[in-house]
Amino acid sequence: MPTRQLHLGAFMRPVSIHTGAWRYPGAWPDANFSFPKIKRLIQTLERGKFDAFFMADHLALLNMPVEALKRSHTVTSFDPLTLLPALAAVTERIGLIATASTTYNDPYHVARKFASLDHISEGRAGWNLVTTANPDAAMNFGHDAHMAHGERYKRAREFFDVVTGLWDSWADDAVIRDVESGIFFDPDRLHVLNHKGPELSVRGPLNIARPVQGWPVIVQAGSSEAGRQIAAETAEAIFAAPGTLADGQAFYADVKGRMAALGRDPELLKILPGCFVVVGDTVAEARAKRAHLDSLVHYDSAIASLSISLGVDASRFDPVGPLPPIPETEQSKSGRERAIRLAEREGLTVRQLAQRLGGYAGLSMVGTPQSIADEMEQWLEGRGSDGFNIMFPYLPAGLDEFVDKVVPELQRRGLFRREYEGRTLRDHLGLPRPKNQFFD
């Protein structure tokens, strides 16, 4: 019997990250913006005992030329913190994780929304803390220019302190509801934050009781130096993007090593790489599915995806030449690094690299339920991850195939739960409920 078990999240906004997903035979072209369909998908994931349903978020249309944008199925999507409370009402156990930017939100707003989601779902909320890489988002929030990468992370670190401080505004026993005396809450069990820092000023207290989980689970993504450090200091789950097991092991050791140096227990962080999974009854069938899916990506979309990853206009590069030197920008550092490393590792031309990124160029497992389980077990036992954030190739069939074929194989090997043992997201991830910073 394995000594460790996998944690599985589902990356569900967009419902499939692959550009060609909506065009695949039998796929739902409107799955990204149909509540009945998303409801069906999350209920299937809960049947498969997934830890969490994860919604990324974008605060602007993707910054790509309209000739590419017109081919994207991600241009219209629900606001995560509007959709997830609705999904909480049609599910019972699965965790509900949403992205909220620390660059283009205020801490009080984020604290209140996630506390509400945690109460509505009875303890299943998670906050994916991001700094926002898309520079076009700035103009949607009254700014002429995107905040510099280092400044975004400086604000994010203070933002975390303010949000968690607001969640701890009320002691767990503060609301007494004493009908006889007419006292609803004990003022001695209420803390006013009065935060005044270099980036933020927030008085508090939060006008909602402490979340069921104490704090919603803190999730982060990204692998830049700044991202790794803030994750080591604050995160309880991280959605990483290593391309190989060796990359995953290096990332795992680095972030968990930083935690140990900070005095944090490394087991209190679950590292879950994004993993694109295509299932077939044979390896050849799975590879044929992937090849057909990739063939549905138009070159306009491919070169635009490469431009987003690199943070520069790749359309001016020689398509049949190697990738030229790429300067750093204020966009995603980790996205740029992953694209450059992929081109170097496989000797790809600009066109080949674009085609890979235009579909999905990250970690993928393409094969039978048995071969996929083999790979996942290797990552888990080799300390490359604590599980995966699964990306489905097309919906609904790609998700159904994973739940109906891969999950039973993982369960047969003792690598994944057969039933939920707890009710909260912290229960699923094996994370303790944080102590209140201000009250015993």
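Details of the structure are given in the entry above.
Residues numbered from 1 in each chain as written. Predicted model: local features only at pLDDT ≥ 70, side-chain atom pairs only at ≥ 80, totals over all residues. Heavy atoms only, no water.

Comments concerning the packing of helix α6 (residues 225–234) against helix α7 (residues 245–262)
Selection criterion: Axes here refer to lines fitted to C-alpha atoms; in helices the fit is confined to the stretch in contact. Angles between the N-to-C directions go from 0 to 180 degrees. Elements are defined by DSSP. Helices are runs of H or I of four residues or more, strands are runs of E of two residues or more, and each kind is numbered from the N terminus. Should an angle lie under 35 degrees it is considered roughly parallel, over 145 roughly antiparallel, and from 65 to 115 roughly perpendicular; all remaining angles are considered oblique. Crossing handedness follows the turn of the near helix against the far one: under a right angle anticlockwise gives a left-handed crossing, and clockwise gives a right-handed one. Residue contacts are counted whenever heavy atoms from the two residues lie within 4.5 Å of one another. Here the nonpolar group is Ala, Val, Leu, Ile, Met, Phe, Trp, Tyr, Cys and Pro; Asp, Glu, Lys and Arg are the charged ones; every other residue, Gly included, is treated as polar.
Interhelical geometry of α6 versus α7 gives an angle of 50° and a closest axis separation of 8 Å. Between α6 and α7, the crossing angle belongs to the class labelled oblique. Crossing of α6 against α7: the hand is right-handed. Residues Glu225, Arg228, Gln229, Ala232 and Glu233 of α6 form the contact with α7, whose own contacting residues are Phe251, Asp254, Val255, Arg258, Met259 and Leu262. The residue makeup of the contact of α6 with α7, split by class, is five nonpolar, one polar and five charged.

Some points on the sheet that holds strand β10 (residues 237–239)
How we decide: Here the rule is simple: two strands pair whenever DSSP picks up at least two bridges between them.
Judged by pairing direction, the sheet is parallel, and its 10 strands sit side by side in the order β11-β10-β9-β4-β3-β2-β1-β14-β12-β13 without closing on themselves. Both outer strands of the open sheet, β11 (270–271) and β13 (364–367), are each paired with one neighbouring strand and no more. Both β10 and β11 contribute to a ladder of two bridges, which runs parallel. When the bridges of β11 are listed, Ala237 appears paired with Lys270. Here helix α8 (residues 283–295) sits on the sheet in contact with β12 (274–279) and β13, set at roughly 115° to β12.

Quick look at the packing of aromatic side chains
Operational definition: Note on ring pairs: Phe, Tyr and Trp rings are taken, using the six-membered ring of Trp, and paired if centres are within 6.5 Å. Classes follow the plane angle, with under 30 degrees stacked, over 60 edge-to-face and the rest tilted. In this scheme, a residue with accessible area under 20% of its type's maximum is buried, one over 50% is exposed, and one in between is partly exposed, where area comes from a 1.4 Å probe on protein chains only. Two conditions define a charge sitting above a ring: the NZ of Lys or the CZ of Arg must be within 6 Å of the ring centre, and it must be within 35 degrees of the ring normal.
Here the structure, examined in full by the defined rule, presents 15 aromatic pairs. Taking the centre distance of 6.2 Å and the plane angle of 40° together, the rings of Phe114 and Trp127 count as tilted. Of the two residues, Phe114 is situated in helix α4 (residues 107–120) and Trp127 in strand β4 (residues 125–130); the sequence distance between them amounts to 13 residues. Take Phe114: its relative accessible area is 0%, and that puts it in the buried class. Here Trp127 falls in the buried class, since its relative accessible area comes to 0%. An aromatic cluster is defined as three or more aromatic residues linked by ring pairs; in this entry it consists of Phe114, Trp127, Phe159 and Trp167. When the ring centre of Trp28 is taken as origin, the NZ or CZ atom of Lys37, which lies over that ring, is 5.6 Å away. Above the plane of the ring of Tyr299 lies Arg351, whose end atom (NZ or CZ) is 4.6 Å from the centre.

Notes on the pairing of strand β3 (residues 95–101)
For clarity, the threshold we go by: Whether a crossover is right-handed depends on one test, that the path from the first strand over the helix to the second runs clockwise when the strands point away from the viewer.
In terms of burial, β3 is a largely internal element, seven of the seven residues being buried. Of the two faces of β3, both are covered, the one formed by Gly95, Ile97, Thr99 and Ser101 as well as the one formed by Leu96, Ala98 and Ala100. When strand β2 (residues 52–55) meets β3, the two strands line up parallel, connected through four bridges. Note that in β3 the partner of Phe53 across the bridge is Leu96. Alignment of β3 against β4, held across six bridges, turns out to be parallel. Its bridge partner lying in β4, Thr99 is registered against Asn128. For the crossover from β3 across α4 to β4, the handedness is right-handed.

Section: the pattern of salt bridges
Inclusion rule: In the sections that follow, a salt bridge refers to a side-chain nitrogen of Lys or Arg positioned within 4 Å of a carboxyl oxygen of Asp or Glu.
All told, the structure shown has 30 salt bridges when counted by the stated rule. Residue Glu233 is joined to Arg157 by a salt bridge in which the shortest nitrogen-to-oxygen separation is 2.5 Å. A residue pair is termed long-range when its members are at least 10 positions apart, and Glu233 in helix α6 and Arg157 in helix α5 (residues 149–167) qualify at 76 residues. A relative accessible area of 28% places Glu233 in the partly exposed class. Residue class for Arg157 comes out partly exposed when judged on its relative accessible area of 26%. Of the charged contacts, one joins Asp254 and Arg258 as a salt bridge, the two residues approaching to 3.2 Å between their closest N and O atoms. Taken together, the residues Asp254 and Arg258, both in helix α7 and four residues apart, mark about one turn of the helix. Judged by relative accessible area, Asp254 falls into the partly exposed class, the value being 24%. Connected through shared salt-bridge partners, Asp374, Glu377, Glu409, Arg412 and Arg413 make up one network.

A short note on the environment of Arg210
Residue placement: Arg210 occurs in the loop between β8 (201–202) and β9 (217–221). Looking at Arg210, the relative accessible area reads 5%, which means it is buried. Through-space distance from the C-alpha of Arg210 to that of Ala115 is 7.1 Å; in sequence the pair is 95 residues apart.

Remarks on helix α13 (residues 397–412)
So the rule is basically this: Expected helix span is computed as 1.5 Å times (number of residues minus one). Working definition for bend: take the seven residues up to and ending at a residue and the seven starting at it, fit an axis to each, and measure the angle between the axes.
Over its 16 residues, α13 runs 22 Å from end to end, which matches the ideal 22 Å to within 8%, given 1.5 Å per residue. Residue Val406 marks the point of greatest curvature in α13, where the axis turns by about 30°; the proline Pro408 follows within four residues. Those residues of α13 that fall on the buried side of the exposure criterion are Gly398, Leu399, Asp400, Glu401, Phe402, Val403, Val406, Val407, Glu409, Leu410 and Gln411.

A look at the packing of helix α9 (residues 299–310) against helix α11 (residues 350–359)
Two numbers describe how α9 lies on α11: the axes approach to 7 Å, and their chain directions differ by 90°. The pairing of α9 with α11 is recorded here as roughly perpendicular in orientation. In contact with Tyr299, Ala302, Ile303, Ser305, Leu306 and Ser309 of α9, α11 contributes Val350, Arg351, Leu353, Ala354, Gln355, Leu357 and Gly358. Considering only residue class, the contact of α9 with α11 consists of eight nonpolar, four polar and one charged.

On their own, these measurements won't tell you what the molecule is for.
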